[in-house]
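# Architecture and fold: a report
Residues per chain are reported as follows:
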Amino acid sequence: MRLDVVTIFPEYLDPLDVSLVGKARARGPLDVHVHDLRQWAHDRHNTVDDTPYGGGPGMVMKTDPWGEALDSVVADGYESGAGRPVLVVPTPSGRPFTQETAVRLSEQPWLIFTPARYEGIDRRVVDEYATRVPVLELSIGDYVLAGGEAAVLVMVEAVARLLPGVLGNAESHRDDSFAPGAMVDLLEGPVYTKPPLWRGRGVPEVLVSGHHGRIARWRRDEALHRTAEHRPDLIERCDPAAFDKHDRATLAALGWQPGPGGRYVRGPLADAEGDDGSGDPEPATGTARRR
Ligand code: JBZ
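We now turn to the structure provided with this report. No experiment lies behind these values; they were computed from the predicted model shown.

About the cut-offs
Residues numbered from 1 in each chain as written. Predicted model: local features only at pLDDT ≥ 70, side-chain atom pairs only at ≥ 80, totals over all residues. Heavy atoms only, no water. Helix = DSSP H or I, 4+ residues; strand = E, 2+ residues; numbered from the N terminus. Buried < 20%, exposed > 50% of the residue type's maximum accessible area, 1.4 Å probe, protein only. Contact = heavy atoms within 4.5 Å. Areas by Shrake-Rupley, 256 points an atom, 1.4 Å probe, with all protein chains shown as cover. 1 Å grid on protein atoms, 1.4 Å probe; cavity = no way out; pocket = protein on both sides within 12 Å on 5 of 7 lines; lining within 4 Å. Points joined across faces, edges and corners; volume = space filled by probe spheres on them. Nonpolar A, V, L, I, M, F, W, Y, C, P; charged D, E, K, R; others polar. Near = heavy atom within 4 Å. Polar contact = N/O pair within 3.5 Å; in protein donor to acceptor, adjacent residues only side chain to side chain.

A count of helical and extended segments in the protein chain gives 8 helices and 9 strands. Relative to its full complement of 291 residues, the protein chain shows a buried share of 39%. Considering only contacts within the protein chain whose residues lie at least 6 apart along the sequence, 70% involve residues at least 24 apart. Surface summary for the protein chain: the accessible area is close to 17400 Å², and the carbon and sulfur share equals 52%.

Set out below in structure tokens:
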């Protein structure tokens, strides 16, 4: 897969040299090209921004540097035989970037990312390239970033680890939280390793019992507890057919019941353990939590 990133902060993409993405580049499945947008700004100050039409705060990235940059990158990729590009535009007004998006992007031969700064890119740039190549405007989440570079790092890591031969055999995709097609999308519960006693804290007995059936059931219950507490929306979204008899009992104990449509909804007792529903963490009590 070929990746191009056009940015006014090429050094912000230096993390693409290390770790999983860096190894994928070294091993061959990933070919990354980071470009400085100012290369295509031709005035004395390499200007890439200007004041917004209609007024208002901030600056807008100008059409011309982006137009020349993308023409050049697209021509270079086509000449190298990269196939057909998908233009990925990180923007807070984009569709949500999800694991499903990552899977679809990992199936493409060539992605071009255009992380913006300031108030974003003149709309005509996206409109123009959308007549030539598929364009995806994507947001990584509901928080305010200063620019799209961090979003590109997130998306590239999520995509690169899906490429054939990038993850070792030890890690496989099928157990990932959020993997599409997983039987149920639940959060993972806690994990432990040696030593067996650390600062007076032991490891749950079941994990050293050697009883694989009981271990799987315990992990499943932990996942259900964790998901109900941190991501109740995921419980509501689950196909109820994915819950076995024991799951249903666990959910019922947590105050969940099948609603009129069959999907699980939180019953009136769901908050009985003190969650105020705000999503904010409970104050620490110094004593063991639930269960
Ligand atoms: C993103 C000005 O450029 C920005 C600003 C915020 C922002 C992005 C680009 S992409 N937020 C997100 O993925 O949520």
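A full pass over the atoms with the stated rule returns 1 cavity of 30 Å³ or more. There is about 30 Å³ of room inside the largest cavity. As for the largest cavity, its lining consists of Trp66, Leu70, Leu87, Val89, Thr114, Ile121, Val125 and Val126. The set of elements that each furnish at least two residues to the lining of the largest cavity consists of helix H2 (63–79), strand S5 (86–96) and helix H4 (123–130). Of the residues contributing to the lining of the largest cavity, the split by class is 7 nonpolar, 1 polar and no charged.

This part covers the environment of Cys238. Within the fold, Cys238 resides in the loop between helix H7 (232–237) and helix H8 (245–253). The spatial distance from the C-alpha of Cys238 to the C-alpha of Arg263 is 6.9 Å, given a sequence separation of 25 residues.

Around the ligand sit 13 residues, and of these Pro92, Ala116, Tyr118, Ser139 and Ile140 come closest. Within the backbone of Ala116, a nitrogen or oxygen atom sits 3.2 Å from an oxygen atom of the ligand. Here Ile140 contributes a backbone N or O atom positioned 2.7 Å from an oxygen atom of the ligand. Here the ligand has 360 Å² of accessible area as a free molecule, and 94% of this is covered by the chains. Per-element tally for the shell around the ligand: the top contributor is S5, with 3 residues.

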